[in-house]
Amino acid sequence: VGILEIRVTVTNTLSSVSDDFNVTVNLGPGTPTLEQPLLDQSANAGTPFVYVIPISSFAGSALTYTATLADGNPLPAWLTFTSATRTFTGTAAAGDVGILEIRVTVTNTLSSVSDDFNLTVNPAPVMPTVAQPLQDQSVDAGTPFVYVIPESSFSGAALVYTALLSNGSSLP
């Protein structure tokens, strides 16, 4: 791919003459090209991860897909790549939390092209639990009721509190 500068020289017994011309070598039809950069992905430790490379990401004919870490090392043992379906699958463990820089290379007999994306492995979500049971309360009829739930009552991450009657109805 590029421009070749060619000089043709013709001689006879009297003299010689030259002329130059350029040949521009273009990417041939079917040469792999990156059409849409791969988007960064995220996974949670302990949760199955699946990512299919969109068919529109690369163009070309008779493409073969491979995947490695961006530095050329193999993917970690927990993450597999199936070339035929362009699919990453796996379940990261707690010790795999972090960012993986992954390189996808698409090849055919003409050339190859690569693109990198980040796979961020997040810690496993923490399920909410009752850490200290709530104590029964009493109130006199006609008296305002205020109850502050102790912070130590529930544990977990990103907790959102709601209160309803035990049968699911709204509070009176």
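Look up: the structure comes first, before these words.
Residues numbered from 1 in each chain as written. Predicted model: local features only at pLDDT ≥ 70, side-chain atom pairs only at ≥ 80, totals over all residues. Heavy atoms only, no water.

## Observations concerning the packing of aromatic side chains
At step 1: Here the structure, examined in full by the defined rule, presents 7 aromatic pairs.
At step 2: Ring geometry for Phe-58 versus Tyr-65: centroids 6.0 Å apart, planes at 80°, classification edge-to-face.
At step 3: The class for Tyr-65 is buried, based on a relative accessible area of 7%.
At step 4: Connected via pairs of aromatic rings, a cluster forms that spans Tyr-51, Phe-81, Phe-88 and Phe-117. (Phe/Tyr/Trp six-rings, centres within 6.5 Å; stacked < 30°, edge-to-face > 60°. Buried < 20%, exposed > 50% of the residue type's maximum accessible area, 1.4 Å probe, protein only.)

## Quick word on the sheet that holds strand S4 (residues 41-44)
At step 1: The strand order across the open sheet built from 4 strands is S4-S11-S10-S7, with neighbouring strands paired in mixed fashion. Where the open sheet ends on each side, the last strands, each with one partner, are S4 and strand S7 (64-69). Ignoring strand direction, the axes of neighbouring strands in this sheet form an average angle of 30°.
At step 2: Inspection of the sheet shows strand S10 (residues 98-107) paired to strand S11 (residues 112-122) by 10 bridges, in the antiparallel sense. (Pairing = 2+ DSSP bridges. Helix = DSSP H or I, 4+ residues; strand = E, 2+ residues; numbered from the N terminus. Axes fitted to C-alpha atoms, helices over the stretch in contact; angles between N-to-C directions.)

## Brief notes about the side chain of Ser-153
At step 1: For Ser-153, the location among the structural elements is in the loop between strand S12 (129-130) and strand S13 (154-155).
At step 2: Among the residues examined, Ser-153 registers a relative accessible area of 2% and is labelled buried.
At step 3: Not counting chain neighbours up to four residues away, the residues in contact with Ser-153 comprise Thr-129, Val-130, Ala-131, Gln-132 and Leu-134. (Contact = heavy atoms within 4.5 Å.)

## A look at the side chain of Arg-86
At step 1: Within the secondary structure, Arg-86 sits in the loop between strand S8 (79-82) and strand S9 (87-90).
At step 2: Despite being buried, Arg-86 has no salt bridge partner; Asp-115 is the closest side chain of opposite charge, sitting 13 Å away.
At step 3: Among all residues touching Arg-86, those that are not within four sequence positions of it are Tyr-51, Val-52, Ile-53, Pro-54, Ile-55, Tyr-65 and Phe-81. (Lys, Arg positive; Asp, Glu negative; His and termini not counted. Salt bridge = Lys/Arg side-chain N within 4 Å of Asp/Glu carboxyl O.)

## Some words on the sheet that holds strand S5 (residues 49-52)
At step 1: Pairing is antiparallel across the open sheet formed by 3 strands, whose spatial order is S5-S9-S8. What marks the edges here is a single partner per strand, and that holds for S5 and S8. Averaged over all pairs of adjacent strands, the angle between their axes in this sheet comes to 15°, without regard to strand direction.
At step 2: Here 4 bridges tie S8 to S9, and the two strands are oriented antiparallel to one another. Looking across to S9, one finds that Phe-81 is bridged to Phe-88.

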